[in-house]
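# Survey of secondary and tertiary structure
Listed here are the chains, written in short residue letters.
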Amino acid sequence: MRVFLSSDIEGTAGIVDWEQVRGPGPEYEIGRRLLTDEVNAAIDGAVEAGATHVLVNDAHRTMYNLRPGELHHRASYLSGRHKPLYMMEGLDATFDAVFMVAYHGSIGAERASLSHTYNPTAVWEARLNGVAVGESALNALVALHHRVPVVLITGDDATAAEAQPFMPGIEAVVVKRSITRFAAESLHPDSACDLIRAGAARALARAGTVSPPAIDLPATLEVTFLTSDMAEMATWIRGVDRAGTRVVIARDDDPLRLYRTFVTIIALTRSIVER
Ligand SMILES: [Zn+2]
């Protein structure tokens, strides 16, 4: 059995501040240590349930947050920048299940630690088939294309709630309860890892009974930006139309192509973000 694991970091137990997820600095070193333990716990659970190979795609920021030598020895590590399929690079139809580890809530979520949707300085909201979504549902477009079920997500309570409508049957392991964007009540890291290990094993054991993501095709993606300039820029991409001052829309019957359009929107608009 082959498992594809996409790792972010903001959904890790104990993490509540940008300083813990952006290097360099001592807080970031703690953050990546906590993340590595959670990723390894998910791999442990997968191996327990019969996984023969786990591909870990590091999907946060620099995309080399994990230390290769500290990663579980049964995993291969896909890291570094310029991945055409970004948070889902490496997934194909040979995989039996997708895990999303240390994911976070969308920018519009009411209470979600370090909430954002891909780019917090550009994206105000993303909607898929009319529903405001987080990164989990956007990334699920790639899983849908390859007909691979997303069986596990870990993070806070908002992350779990956002994944469920698009990934029915998903095992959601909640490791913290978000109070605000920068406050949360977390489980102790060891307890979080115990839950993730058990959840991963359960999730993989019943992967054969879980359907690929439930996203109706053709799918409609609407992105609302912080500024109208960003929306204008996004329409430079073929298939992306203006739907409002700060809103663009794309519709596609191919979920992979729609995800690629989204990734291109993110990459392009990054160039006019103010810092
Ligand atoms: Zn991230």
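To be clear, the structure that these remarks concern was listed above.
The following paragraphs examine the structure supplied in this document. (Residues numbered from 1 in each chain as written. Predicted model: local features only at pLDDT ≥ 70, side-chain atom pairs only at ≥ 80, totals over all residues. Heavy atoms only, no water.)

### A short note on the overall build of the protein
From N to C terminus, the protein includes six helices and twelve strands. A compact globule built from 275 residues should have a C-alpha radius of gyration of about 19 Å, and the protein, at 17 Å, falls within 12% of that. Oriented by its inertia axes, the alpha-carbon framework of the protein measures out at about 50 × 40 × 30 Å. Looking at the 275 residues of the protein, the share that counts as buried comes to 54%. A separation threshold of at least 6 residues defines the contact pool for the protein, and within that pool the share at least 24 residues apart is 69%. Carbon and sulfur atoms form 51% of the exposed surface of the protein, whose accessible area is close to 11300 Å². Charge centroids of the protein, computed over 26 positive and 34 negative side chains, lie 3 Å from each other. (Helix = DSSP H or I, 4+ residues; strand = E, 2+ residues; numbered from the N terminus. Rg over C-alpha atoms; globule rule 2.2 N^0.38 Å. Buried < 20%, exposed > 50% of the residue type's maximum accessible area, 1.4 Å probe, protein only. Contact = heavy atoms within 4.5 Å. Areas by Shrake-Rupley, 256 points an atom, 1.4 Å probe, with all protein chains shown as cover. Lys, Arg positive; Asp, Glu negative; His and termini not counted. Charge placed at Lys NZ, Arg CZ, Asp CG, Glu CD.)

### What about unusual backbone geometry?
Residue Pro24 is bonded to the preceding Gly23 through a cis peptide linkage, with omega at -5°. For Pro24, the position within the fold is in the loop between strand S1 (2-7) and helix H1 (26-48). With an omega dihedral of -5°, the bond running from Leu217 to Pro218 counts as a cis peptide bond. The residue Pro218 is located in the loop between helix H4 (189-205) and strand S10 (219-225) in this model. Of note in the backbone geometry, His82 takes a positive phi value of approximately 65° without being a glycine. Among the structural elements, His82 can be located in the loop between strand S3 (75-78) and strand S4 (97-101). Relative accessible area serves as the criterion here: at 70%, His82 is assigned to the exposed category. Positive phi values are uncommon outside glycine, yet Arg147 reaches one of about 60°.

### Describing the packing of aromatic side chains
Across all of its chains, the model carries four aromatic pairs by this definition. Aromatic side chains Tyr86 and Tyr118 sit 5.1 Å apart centroid to centroid with 85° between the ring planes, which places their arrangement in the edge-to-face category. Remark: Tyr118 occurs in the loop between S4 and strand S5 (123-128) and Tyr86 occurs in the loop between S3 and S4; sequence separation between them is 32 residues. For Tyr118, a relative accessible area of 8% corresponds to the buried category. Through successive ring pairs, a cluster of aromatic residues spans Tyr86, Tyr118 and Phe262. Over the face of the ring belonging to Trp18 we find Arg22, whose NZ or CZ atom lies 4.3 Å from the ring centre. (Phe/Tyr/Trp six-rings, centres within 6.5 Å; stacked < 30°, edge-to-face > 60°. Lys NZ or Arg CZ within 6 Å of the ring centre and 35° of its normal.)

### Regarding the side chain of Glu171
Mapping Glu171 onto the fold places it in strand S8 (residues 171-180). Of note is the side chain of Glu171, whose polar atom sits 2.7 Å from the side chain of Arg202. In terms of polar contacts, Glu171 uses its side chain to reach the side chain of Arg206, at 3.3 Å. Not counting the four nearest positions on each side in its chain, Glu171 is found in contact with Val151, Leu152, Ile153, Gly199, Arg202, Ala203 and Arg206. (Polar contact = N/O pair within 3.5 Å; in protein donor to acceptor, adjacent residues only side chain to side chain.)

### Regarding helix H6 (residues 255-269)
Helix length check: H6, at 15 residues, gives a terminal C-alpha distance of 21 Å against a target of 21 Å (1.5 Å per residue), a fit within 8%. Along H6, the residues that are buried comprise Pro255, Leu256, Leu258, Tyr259, Thr261, Phe262, Val263, Ile265, Ile266 and Thr269. Residues of H6 that are buried in the fold lie against S5, helix H2 (135-146), S10, helix H5 (228-234) and strand S12 (247-252). Of the residues that open H6, the one with a side-chain oxygen 2.9 Å from the backbone nitrogen of Leu256 is Asp254. (Expected span 1.5 Å × (residues − 1).)

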